[in-house]
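Chain by chain, the residues run as shown.
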Amino acid sequence: MLGLLVAISAVACYAGALSITNVTLPDRSAGWVYLRYSPDPTWVNRIEFRCEYSISPAPATPPTITWLKGPFTDADRLVVYKWSSSGEVYVHPEFAGRVSVPSRTRPTLVLTDAKFDDWGRYWCRVTNEEQSDEFGTDEESLLFWYKSTVYDYDAPPRGGYSSFVEVDKTPVRVKTGGTARLNCQGAGGPLASIVWFKGPSCSQDGNCNVYEIVINKTAVPQPHAILGPGTVNVSPKYAGRASLDFNDGPYYNVYYPDLTITDIRPSDVGRYWCTNDAPLWYQNDLRSRDSQSVVVLLDDEAPTPSCDGKADGMYQDPGDCSRYYTCSGSWLYGPVPCLTGLFFNEALQVCDWPNNVACA
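First, a word on scope: everything that follows refers to the structure included in this document. Predicted model only: the values in this text are computed from it and were never measured.

### Examining unusual backbone geometry
Stage number 1. Cis geometry is adopted by the peptide bond preceding proline 57, which originates at serine 56 and carries an omega value of -10 degrees.
Stage number 2. Of note, proline 57 is situated in the loop between β4 (52-56) and β5 (64-69).
Stage number 3. The omega angle of the peptide bond from glycine 334 to proline 335 is 5 degrees, so this bond is cis rather than trans.
Stage number 4. In this structure, proline 335 sits in strand β25 (residues 331-337).
Stage number 5. Positioned with a positive phi, serine 330 is a non-glycine residue whose angle comes to about 70 degrees.
Stage number 6. Along the chain, the position of serine 330 falls in the loop between β24 (320-328) and β25.

Have a look at this one:
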């Protein structure tokens, strides 16, 4: 049991009001970018992946900028480039001397000497280190195709089709017990696989790339009406509350896999990701998976922590299970947060895993 608990002394002080990170890639409307090889000796195999972000309210320290390559939610995604808030820069050996990010405020990734093996999906991730939870990290992606000849038939070389999603990123505010509807537009068709994730959070081993599946629909293996729409699975935490609403779009292969969550609870607040894959008959692989996020916030007036009539000790914040405050001699100290992904357990007086904690 001790391995599941985090000592209070290890918890950092609360950084202040909620700050939301929002990442946008200006070139996402095309779904992908490509570079076509040319035998012309003057040809320059250079490409830019543009990225912009906002953090509101702005933090006092600069954010960490990370460019990754690989499938969304994959713990083994390749870290291509990382510019830490401390100023330290890391470049993966495979990209040494070929990638740079000239500006932290507009963290465009510049790739030179591009080659066939650079094909894949690139993610711009921005992390506000002062907001160590789901609200502090956002990312978006572009699929990069490298065309090795002047012809189109060899591109994309793997994963024969590109998926694309577009989420309404306006924060969704809903009262406790109310209903949240998260809007998403998808390209890839209603027979593709669809997943809504929540996260990221941190696991016990320190991996902060953990995403919880809220609901998913399996892909149909070929475009045949008899096979039906696929199987929908809902996480036990959202059983009876989460559902997918499919609406066909105005164009072929466009649809709206909106997520609806009823009976909203405080533990539901966080960042939700709409994710889809291209249909299987397009020889899709996970590198084709796209995702975009929106945050859900409670629109209630949060109860105020109080030490009135309470003995000295530590108490769960009535408005946020992931925080606690201390009463000592009728004086109130805090609140301060637990480490990301943990709730405060009053009975044990420690931060604990959510499934061990009662959270209203």
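What follows continues from the structure just given.
### Notes on the state of the cysteines
The term disulfide refers to a covalent linkage connecting the sulfur atoms of a pair of cysteines.
Stage number 1. With the rule as written, the count across this model stands at four disulfides.
Stage number 2. Two residues share a disulfide in this structure: cysteine 307 and cysteine 327, whose sulfurs sit 2.0 Å from each other. Residues cysteine 307 and cysteine 327 are joined by a disulfide whose S-S torsion is about -95 degrees; by sign, that bridge is left-handed. Of this pair, cysteine 307 sits in the loop between β22 (290-298) and β23 (313-317) while cysteine 327 sits in strand β24, and the two are 20 residues apart along the sequence. For the pair cysteine 307 and cysteine 327, a shared accessibility class is recorded, and that class is buried.
Stage number 3. Across a sulfur-sulfur distance of 2.1 Å, cysteine 338 and cysteine 351 are joined as a disulfide pair. Measuring handedness by torsion sign, the sulfur bridge of cysteine 338 and cysteine 351 sits at about -80 degrees and is left-handed. With cysteine 338 in the loop between β25 and β26 (343-345) and cysteine 351 in strand β27 (residues 350-352), this pair connects stretches of sequence that are 13 residues apart.
Stage number 4. Under the relative-accessibility criterion, cysteine 351 is labelled buried at 0%.

### What to know about the packing of aromatic side chains
Centre distance and the angle of the planes are the two values used to describe a pair of aromatic rings.
Stage number 1. Applying the stated criterion across every chain yields a total of twelve aromatic pairs.
Stage number 2. Pairing phenylalanine 49 with tryptophan 67 gives two aromatic rings, centres 6.2 Å apart and planes at 50 degrees, and the pair type is tilted. Placement of the pair is phenylalanine 49 in strand β3 (residues 47-49) and tryptophan 67 in strand β5, with a sequence separation of 18 residues. Each of the two residues, phenylalanine 49 as well as tryptophan 67, counts as buried.

What counts and how
Residues numbered from 1 in each chain as written. Predicted model: local features only at pLDDT ≥ 70, side-chain atom pairs only at ≥ 80, totals over all residues. Heavy atoms only, no water. Helix = DSSP H or I, 4+ residues; strand = E, 2+ residues; numbered from the N terminus. Disulfide = S-S within 2.5 Å. Buried < 20%, exposed > 50% of the residue type's maximum accessible area, 1.4 Å probe, protein only. Phe/Tyr/Trp six-rings, centres within 6.5 Å; stacked < 30°, edge-to-face > 60°.

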